[in-house]
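# Remarks on the overall topology
Below, each chain spelled out in residue letters.
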Amino acid sequence: MIKRVLVANRGEIAVRVVRACRDLGLSSVVAYSEADAHTEAVRLADDAVCVGPPPAARSYLHVPNIIGAALKTESDAVHPGYGFLSEDPYFAEICADHGLTFIGPPPKLMEQLGSKVQARTLMREHGVSLLPGTLDPLSTPAAAAEAADDIGYPVILKAAAGGGGRGMTVVTDPSRIEEEFNNTRAQARVAFNDGSVYLERYLQGARHVEVQVLCDRHGGGVHLGERDCSVQRRNQKLIEESPCPVMTPELRARMGESAMRGALGIGYEGAGTMEFLLAPDGEYHFLEINARLQVEHPVTEAVTGIDLVREQLRVAAGEPLGYDQGDVRMTGHALECRINAEDPSRAFAPATGRLEEFVPPGGPWVRVDTHCRQGTVVPPFYDSLLAKVITWGADRPETLARMARALREFSIEGKGVATTVGLHQRILADPTFARGEADTSYLSTLTL
Amino acid sequence: MSGGDRPGTDHEHLVRLLCDQVRTLAAQLPPGLRQLSLRAGDCEVSVSVEPPAVAPAAALPAEQPAPSEPATSPHDEAETGDTTPVTAPLVGTFYRSSEPGADPFVEVGDLVEEGQVVAIIEAMKLMNRIESTARGRVVAILVEDKEMVEHGQPLLLLGPDTGEGDETDGGDGGR
């Protein structure tokens with residue numbers, strides 16, 4: 001039984017969780033840093049606790065302060081959002097030690113899934129197809145070279161403890177493999193405190209297609225279809241959509257079945273995402289599992305009519321899902337644009353500051369998830385996501401047209417503030433994207 | 001930083017960087033910031049802050065006993081008149097003494113030195129000694145023993161070190 005939820009996050013996702021609590025009649029408490037004292041989530045929640053100064057390490061990542069905030073307010077559950085502590089098994093365990101329900105999978109599972117090497121091994125054990133690659137971390141540059149020769153170039157080196165698109169290097173030239181292995185390992189040590197590196201075949205022209213799964217604590221679970229997130233810059237997603245433009249019912253059934261076999265096989269609980277690469281030849285290969293809510297979850301909500309955060313809270317409270325795969329329907333098409341405070345004309349340098357004007361779009365089938373308003377000062381301490389614009393339509397062209405309308409209405413002005421709205425408009429107008437042909441190499445080839 | 005080929009853009013960029021630095025510094029410095037100027041090359045950013053108008057705190061002579069309840073809105077009364085707050089650097093449970101039954105570290109009227117232990121905040125079973133950030137006389141203790149506090153919450157107010165009252169050695173021997 002959950003009555004009060006501590007929201008251990010900020011920005012738009014904190015607002016999202018507070019709204020889900022409101023819908024379910026749960027009390028919400030937002031943990032905030034000094035930089036976020038006057039933000040929307042704090043304003044909307046029932047209570048708020050200051051957990052530290054602006055730097056994330058001393059606030060949003062400060063486990064004792066977050067736990068203290070939950071105990072101080074007599075919260076009984078903690079929602080970690082995405083990023084920050086959402087995939088930290090240590091934090092999940094500490095929550096359990098203090099009698100707090102962590103909204104997510106069990107800590108032991110989080111630990112296993114947090115290592116991409118372990119996740120791949122687990123998935124293989126459950127018959128999920130992997131890209132040709134090494135199952136164990138590579139111990140030496142020579143081992144990397146040998147593995148790459150076996151698999152065939154081009155290959156991609158990946159940090160086992162990496163995530164969110166970081167810690168990856170593509171190697172096309174065999175003479176570079178040993179040096180790139182050393183670089184990737186060194187960077188992984190610094191960035192993730194873990195230098196384990198593995199290797200996979202690199203698929204050119206593949207699509208990033210991920211399957212949303214939702215599992216309860218009673219062995220029940222469904223998948224909620226797929227999202228195509230191929231439009232990425234340096235492995236950071238810019239646009240996501242559902243369904244995938246080249247998906248067929250038959251392929252979706254197969255990918256969904258693989259995803260559920262993996263998820264239920266490992267005893268997954270809550271909302272999670274199975275990432276796959278969909279090759280041009282129609283074969284799909286498991287990449288990794290994100291054992292948390294994702295930024296782009298609204299796209300799935302739009303086509304399935306299922307409130308994912310609400311389901312997370314229900315499942316965490318011990319409720320059975322109450323529906324099965326046959327009850328899940330996907331209708332129409334949905335698209336999401338991530339509006340970041342970055343300047344595409346200056347190599348996407350953060351362009352933060354005070355928002356002198358902030359007028360989000362509205363109207364038919366337009367959804368905006370944001371924490372910003374006029375006067376918001378975008379702080380330099382965190383990521384640069386300002387808002388997510390999501391549109392739905394009966395088919396893809398209608399969805400894209402509505403997104404074009406919405407982006408045109410969106411007014412964001414501020415001294416030194418630049419955003420990716422213009423870039424999104426450019427992509428929407430581009431014939432390759434309009435035809436649904438964008439793969440993971442798309443953005444790097446688009447002339448900005 | 002790029003060279004001076006396009007002075008307009010460089011200045012713009014420089015000013016933006018300075019503004020970011022001002023914001024970062026302002027957030028990290030103690031409350032009561034009045035003016036902050038940063039200069040780089042021939043670019044300068046200067047910020048002046050008017051202190052918010054607040055009702056002056058009731059003057060408490062050192063001989064009077066401590067108020068029996070914490071102030072109703074301690075965050076508003078911090079930094080008024082001549083008082084300086086000692087604030088919680090973390091979230092946890094506030095204790096006035098080093099262990100149950102021991103004397104409190106400080107009482108109202110005590111003179112404390114900068115760095116002197118004035119309280120303990122316990123978080124996840126770790127006892128954190130809270131040191132005074134200034135020298136002064138304890139004017140008010142704003143939190144009850146065993147109350148949970150948040151980061152930045154004022155714990156006690158220090159006034160100027162005039163008047164009579166006890167000088168303490170810091171309860172359990174100070175540092």
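Every chain begins its residue count from 1, and numbering advances along the sequence as written. By the order in which they are written, chains take letters starting at A while ligands take numbers starting at 1. For a predicted model such as this one, the threshold for reporting local features is a pLDDT of at least 70, and the threshold for listing and counting side-chain atom pairs is 80 or more; totals across whole chains, interfaces and linings nevertheless cover every residue. The side-chain figures draw on all heavy atoms in the structure; neither hydrogens nor water molecules are used.

### Remarks on the pattern of salt bridges
All names here are of chain A. One side-chain nitrogen of Lys or Arg within 4 Å of one carboxyl oxygen of Asp or Glu is enough to make a salt bridge. Applying the stated criterion to the full structure yields 36 salt bridges over all chains. In this structure, Glu12 and Lys388 form a salt bridge, with 2.8 Å as the shortest nitrogen-oxygen distance. Remark: Lys388 occurs in strand 19 (residues 385–393) and Glu12 occurs in helix 1 (residues 11–24); sequence separation between them is 376 residues. Exposure remark for Glu12: the relative accessible area of 3% places this residue in the buried category. A salt bridge links Arg254 to Glu250; the nearest nitrogen and oxygen atoms lie 2.8 Å apart. Pair noted here: Arg254 and Glu250 are both in helix 9 (residues 249–265), with a separation of 4 residues, about one helical turn. Residues joined by salt bridges that share partners form a network here, namely Glu210, Arg227, Lys237, Glu240, Glu275, Glu296 and Arg338. Here a helix means four or more residues in a row that DSSP labels H or I, a strand means two or more in a row labelled E, and each is numbered from the N terminus. Three exposure classes are used, based on accessible area relative to the maximum for each residue type with a 1.4 Å probe and protein chains only: buried under 20%, partly exposed in between, and exposed over 50%.

### Here's the deal with the nonpolar core
Residue and element names in this part refer to chain A. For this analysis, a nonpolar core means a set of buried residues of the types Ala, Val, Leu, Ile, Met, Phe, Trp, Tyr and Cys, connected via side-chain atoms within 4.5 Å. Grouped together as the largest cluster of nonpolar side chains are 39 residues, with contacts concentrated most on Ile2, Val5, Val30, Tyr32, Leu214, Leu224 and Leu313. Those elements that provide at least two residues to this core are strand 1 (4–7), helix 1, strand 2 (27–33), helix 2 (40–44), strand 3 (47–52), strand 10 (221–233) and helix 11 (308–316). If you tally residues by element for this core, the top one is helix 1, at 7 residues. Counting 33 residues, the second-largest nonpolar core is a separate cluster that includes Leu335, Phe358, Val389 and Ala406.

### What about the sheet that holds strand 9 (residues 207–215) of chain A?
Residue and element names in this part refer to chain A. Spatial strand order, 13-12-9-10-11-14-19-18: 8 strands in an open sheet with antiparallel pairing. This sheet does not close on itself; its edge strands, each paired only once, are strand 13 (284–290) and strand 18 (366–370). The sheet shows a mean angle of 25 degrees between the axes of neighbouring strands, direction not considered. The contact definition used throughout considers only heavy atoms, calling two residues in contact when any of these lie within 4.5 Å. Axes, fitted as lines to C-alpha atoms, cover a helix only where it is in contact. Angles between the N-to-C directions of the axes lie from 0 to 180 degrees. Of the strands in this sheet, strand 9, strand 10, strand 12 (270–278) and strand 13 are in contact with helix 9, which crosses strand 9 at around 55 degrees. Being paired, for any two strands, means DSSP has found at least two bridges between them.

### Comments concerning the packing of helix 12 (residues 396–409) of chain A against helix 13 (residues 421–429) of chain A
Residues and elements named next belong to chain A. Interaxial distance between helix 12 and helix 13 falls to 10 Å at its minimum, and their mutual angle equals 155 degrees. On the basis of the axis angle, helix 12 is roughly antiparallel to helix 13. In the crossing of helix 12 with helix 13, the sense of the turn from one axis to the other is left-handed. Between helix 12, through Leu400, Met403, Ala404, Leu407 and Arg408, and helix 13, the contact on the second element is made entirely by Val421, His424, Gln425 and Leu428. Under the scheme applied, nonpolar residues are Ala, Val, Leu, Ile, Met, Phe, Trp, Tyr, Cys and Pro; charged residues are Asp, Glu, Lys and Arg; polar residues are all the others, including Gly. Grouping the constituent residues of the contact of helix 12 with helix 13 by class yields 6 nonpolar, 2 polar and 1 charged. Angle categories: roughly parallel below 35 degrees, roughly antiparallel above 145, roughly perpendicular from 65 to 115, and oblique for all the rest. Left-handed describes a crossing whose near helix is turned anticlockwise from the far helix by less than a right angle; the clockwise case is right-handed.

### Topic: the pairing of strand 10 of chain A
All names here are of chain A. By the criterion of burial, strand 10 is predominantly enclosed, with 11 of the 13 residues buried. Across 6 bridges, the pairing between strand 9 and strand 10 is antiparallel. The residue of strand 10 that forms the bridge with Val209 is Asp228. Taken together, the 4 bridges between strand 10 and strand 11 (residues 236–242) define a ladder with antiparallel strand orientation. Within the sheet, the bridge partner assigned to Asp228 lies in strand 11 and is Glu241.

### Details of the pairing of strand 8 (residues 197–201) of chain A
Residue and element names in this part refer to chain A. Counting buried residues along strand 8, 4 of its 5 residues qualify, which places the element largely inside the surrounding structure. As paired strands, strand 6 (residues 155–159) and strand 8 are joined by 5 bridges and run antiparallel to one another. The partner of Val155 across the bridge, within strand 8, is Arg201.

### A short note on the side chain of Glu150 of chain B
Structurally, Glu150 of chain B can be placed in the loop between strand 9 (148–149) and strand 10 (154–159). Although buried, Glu150 of chain B forms no salt bridge, and the nearest oppositely charged side chain, Lys72 of chain A, lies 5.4 Å from it. Looking at Glu150 of chain B, its side chain comes within polar contact range of the main-chain nitrogen of Cys50 of chain A, at 2.7 Å. When charges are tallied, Lys and Arg are placed among the positive residues and Asp and Glu among the negative ones, while His and the ends of the chain are skipped. Under this definition, polar contacts are N or O atom pairs within 3.5 Å; protein pairs additionally need one hydrogen-donor-capable and one acceptor-capable atom, and for neighbouring residues in sequence, both atoms have to be side-chain atoms.

### With respect to the packing of aromatic side chains
Residues and elements named next belong to chain A. Only Phe, Tyr and Trp rings take part, Trp by its six-membered ring, and two of them pair if their centres are within 6.5 Å. Stacked means planes under 30 degrees apart, edge-to-face means over 60, and tilted covers everything else. This structure, assessed with the given rule, holds 9 aromatic pairs over all chains. Here the aromatic rings of Phe91 and Phe102 are separated by 5.9 Å at their centres, their planes lie at 80 degrees, and the arrangement is edge-to-face. Of this pair, Phe91 sits in helix 4 (residues 89–97) while Phe102 sits in strand 5 (residues 101–102), and the two are 11 residues apart along the sequence. Owing to a relative accessible area of 0%, Phe91 belongs among the buried residues under this scheme. For Phe102, a relative accessible area of 7% translates into the label buried. Feature note: the residues Tyr60, Phe84, Phe381 and Tyr382 constitute an aromatic cluster, connected by ring pairs. In this structure, Arg396 packs its charged tip against the face of Phe433, placed 4.9 Å from the ring centre. Working rule: Lys NZ or Arg CZ, within 6 Å of ring centre, within 35 degrees of ring normal, means a charge sits over the ring.

### A short note on the interface of chain B and chain A
With 16 residues of chain B at the contact, the number on the chain A side is 27 residues. Put simply, buried area is the surface a 1.4 Å probe can reach on two separate parts but cannot reach once they are joined, added for both. Roughly 1700 Å² is buried in total at the junction of chain B and chain A, and carbon and sulfur atoms are behind 62% of that figure. Here chain B is connected to chain A by 4 residue pairs in polar contact (both at pLDDT 80 or more). Looking at the side of chain B that touches chain A, the elements with two or more residues in it are helix 1 (7–28) and strand 9 of chain B. In terms of residue count, the dominant contributor to the side of chain B that touches chain A is helix 1 of chain B (7 residues). The residue makeup of the side of chain B that touches chain A, split by class, is 7 nonpolar, 4 polar and 5 charged.

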